[in-house]
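So you can see what is in the structure, the chains are spelled out below.
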Amino acid sequence: MPNPKRKHTPQRRDKRRSQNWKLEVKSLSACGQCGALRLPHRVCPSCGFYNGKIEVAPKAAKTEEGKEKK
Ligand SMILES: [Zn+2]
């Protein structure tokens, strides 16, 4: 079995371990309807708008509907 000849330095070890901690959303586009930031190819979280029409009822409207039923 091939083995590493030398122990890796703490700097090298820490550099390797620090590769995975960056979690950032790189692309956010503005919603065409309300202008809120949303992920591309996703329904807008604030108004439920996608592809020129309302695909999903926004959360605020859903709660209002629930109140009306009660
Ligand atoms: Zn929107």
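Up top is the structure.
Residues numbered from 1 in each chain as written. Predicted model: local features only at pLDDT ≥ 70, side-chain atom pairs only at ≥ 80, totals over all residues. Heavy atoms only, no water.

Colleague: Help me get a handle on the overall build of the chain, residues and values and all.
Modeller: Of regular secondary structure, the chain possesses two helices and four strands. Across the 70 residues of the chain, 10% fall into the buried class. Restricting to contacts in the chain with at least 6 residues of sequence separation, those with at least 24 account for 0%. Of the roughly 6900 Å² that the chain leaves accessible, carbon and sulfur atoms contribute 52%. (Helix = DSSP H or I, 4+ residues; strand = E, 2+ residues; numbered from the N terminus. Buried < 20%, exposed > 50% of the residue type's maximum accessible area, 1.4 Å probe, protein only. Contact = heavy atoms within 4.5 Å. Areas by Shrake-Rupley, 256 points an atom, 1.4 Å probe, with all protein chains shown as cover.)

Colleague: Let's hear about the coordination of the zinc ion: which residues, and what values?
Modeller: For a metal bound by four donors in tetrahedral geometry, the ideal donor-metal-donor angle is 109.5 degrees, whereas six donors in octahedral geometry ideally sit at 90 or 180 degrees. Taken together, Cys31 (SG), Cys34 (SG), Cys44 (SG) and Cys47 (SG) make up the protein donors of the zinc ion, found 2.2 to 2.3 Å from the metal. Donor residues binding the zinc ion come from one chain and are separated in sequence as C-x2-C-x9-C-x2-C. With Cys34 in the loop between strand E1 (29–30) and strand E2 (37–38) and Cys44 in the loop between E2 and strand E3 (49–50), the pair connects residues that are 10 residues apart, well separated along the chain. Exposure remark for Cys34: the relative accessible area of 39% places this residue in the partly exposed category. Looking at Cys44, the relative accessible area reads 2%, which means it is buried. (Donors = N, O, S within 2.8 Å, 3.2 Å for Na, K, Ca; no water.)

Colleague: Residue-level account of a positive patch on the surface, with values.
Modeller: On the surface, Arg12, Lys15, Arg16 and Arg17 cluster together to form a positively charged patch. Overall, Lys15 belongs to the exposed group, its relative accessible area being 51%. (Patch = residues over 30% accessible without salt bridge, like charges linked within 9 Å, V, L, I, M, F, W, Y side chains within 5 Å. Salt bridge = Lys/Arg side-chain N within 4 Å of Asp/Glu carboxyl O. Lys, Arg positive; Asp, Glu negative; His and termini not counted. Charge placed at Lys NZ, Arg CZ, Asp CG, Glu CD.)

Colleague: Hey, could you go over a nonpolar patch on the surface for me, with residue numbers and the actual values?
Modeller: Together, Leu28, Leu37 and Leu39 make up an exposed nonpolar region whose accessible area comes to about 280 Å². With relative accessibility at 56%, the residue Leu37 sits in the exposed group.

Colleague: Got a sec to walk through the pattern of salt bridges? Specific residues and values, please.
Modeller: Applying the stated criterion to the full structure yields one salt bridge. When the shortest N-O distance is used, the salt bridge between Asp14 and Arg13 registers 2.9 Å. Judged by relative accessible area, Asp14 falls into the partly exposed class, the value being 38%. With relative accessibility at 32%, the residue Arg13 sits in the partly exposed group.

Colleague: I'd like to hear about unusual backbone geometry, residue by residue, with values.
Modeller: Phi is positive for His41, close to 65°, though the residue is something other than glycine. Here His41 is to be found in the loop between E2 and E3.

Colleague: I'd like to hear about the environment of Cys47, residue by residue, with values.
Modeller: Following the sequence through the fold, Cys47 ends up in the loop between E2 and E3. Cys47 sits 13 residues away from Cys34 along the chain, and the two C-alpha atoms are 6.9 Å apart.

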